[in-house]
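# Descriptive analysis of the structure
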Amino acid sequence: MPTPPLYRLIYISRSTIDPPCLAGEVDRILGTSRVSNHLAAISGILLASRGHFCQVIEGTLTHVERLFETIQRDPRHRDIAVMEFVPVPKRVFDHWEMAFLDIDCLTSDRESLGRLAAAASLSLSGRSMVDAFARLTHQRAAFGD
Ligand SMILES: Cc1cc2nc3c(=O)[nH]c(=O)nc-3n(C[C@H](O)[C@H](O)[C@H](O)COP(=O)(O)O)c2cc1C
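This section reports on the structure supplied with the text. (Residues numbered from 1 in each chain as written. Predicted model: local features only at pLDDT ≥ 70, side-chain atom pairs only at ≥ 80, totals over all residues.)

This paragraph deals with the overall build of the chain. Each helix and strand in the chain was counted, giving four helices and five strands. Element order for the chain, N to C, with α for helix and β for strand: β-α-β-β-α-β-β-α-α. Put simply, the chain has 145 residues, and 29% of those count as buried. Of all intrachain contacts in the chain linking residues separated by at least 6 positions in sequence, the fraction that spans at least 24 positions is 77%. (Helix = DSSP H or I, 4+ residues; strand = E, 2+ residues; numbered from the N terminus. Buried ≥ 20, exposed ≤ 12 C-beta atoms within 10 Å, placed from the backbone. Contact = placed C-beta atoms within 7 Å.)

Turning our eyes to something else, we now look at the site of the ligand. Taken together, 15 residues lie near the ligand, and Ser33, Ser36, Phe53, Asp74 and Arg76 sit nearest. A per-element tally of the shell around the ligand places helix H1 (residues 22–39) first, with five residues. (Near = placed C-beta within 6 Å.)

This part takes up the environment of Trp96. In this structure, Trp96 sits in the loop between strand E4 (77–88) and strand E5 (99–102). Residue class for Trp96 comes out buried when judged on the 21 C-beta atoms lying within 10 Å of it. Sequence separation between Trp96 and Asn37 is 59 residues, and the spatial gap between their C-alpha atoms is 9.3 Å.

Between its first and last C-alpha, H1 extends 26 Å over 18 residues, near the 26 Å set by a 1.5 Å rise per residue. Ala41, located one to two residues past H1, shows a positive phi value of around 50°. (Expected span 1.5 Å × (residues − 1).)

Okay, unusual backbone geometry next. The phi torsion at Ala41 lies on the positive side, around 50°, for a residue other than glycine. Here Ala41 shows up in the loop between H1 and strand E2 (43–49). Even without being a glycine, Asp79 presents a positive backbone phi close to 50°. Structurally, Asp79 can be placed in strand E4.

Taken in spatial order, the five strands of this open sheet run E4-E1-E3-E2-E5, and their pairing is mixed. Because the sheet does not close on itself, it has two edges, and the strands there are E4 and E5. When the angles between neighbouring strand axes are averaged without regard to direction, this sheet yields 15°. Against the sheet, helix H2 (residues 61–72) makes contact with strand E1 (6–15), strand E3 (52–60) and E4, and its axis sits at roughly 155° relative to E3, the strand it touches most. (Pairing = 2+ DSSP bridges. Axes fitted to C-alpha atoms, helices over the stretch in contact; angles between N-to-C directions.)

Structural data, given as structure tokens:
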């Protein structure tokens, strides 16, 4: 059987979570995500930064659409804006059910931080964002975090 084509969806949104509760809520989101994304063969990364989320979701069209419908109904964020939704030849985050980066806590690579901050204000293309995220994720993996 031929493998179904892969898609990548990137969106940004505004968090509605009270900042003091953010870490706990994000833990809950990631706990759910890592189980259900594994079952649906979804991979990706979730970024949180100063009241915003940005998420890259990779998987088959059906799975990406189904997950995004659920995510859009989630009251923990609003003002969801899709930045990219395209077929892709392969996954970037293939080892991650949902990687996570708290941009505000990340101090090791200021240049990448600047790029991510710029990405959050929509000034970078989806592709550059994915590259920047992938670089940071792989760095983190290299540090054994
Ligand atoms: C910013 C954000 C990102 C999320 N990412 C995922 C995800 O990647 N996978 C997932 O299963 N749920 C994710 N969720 C949680 C879903 O919105 C939803 O709460 C969860 O899938 C449980 O859905 P259910 O109550 O319909 O079973 C995310 C929620 C938020 C606010």
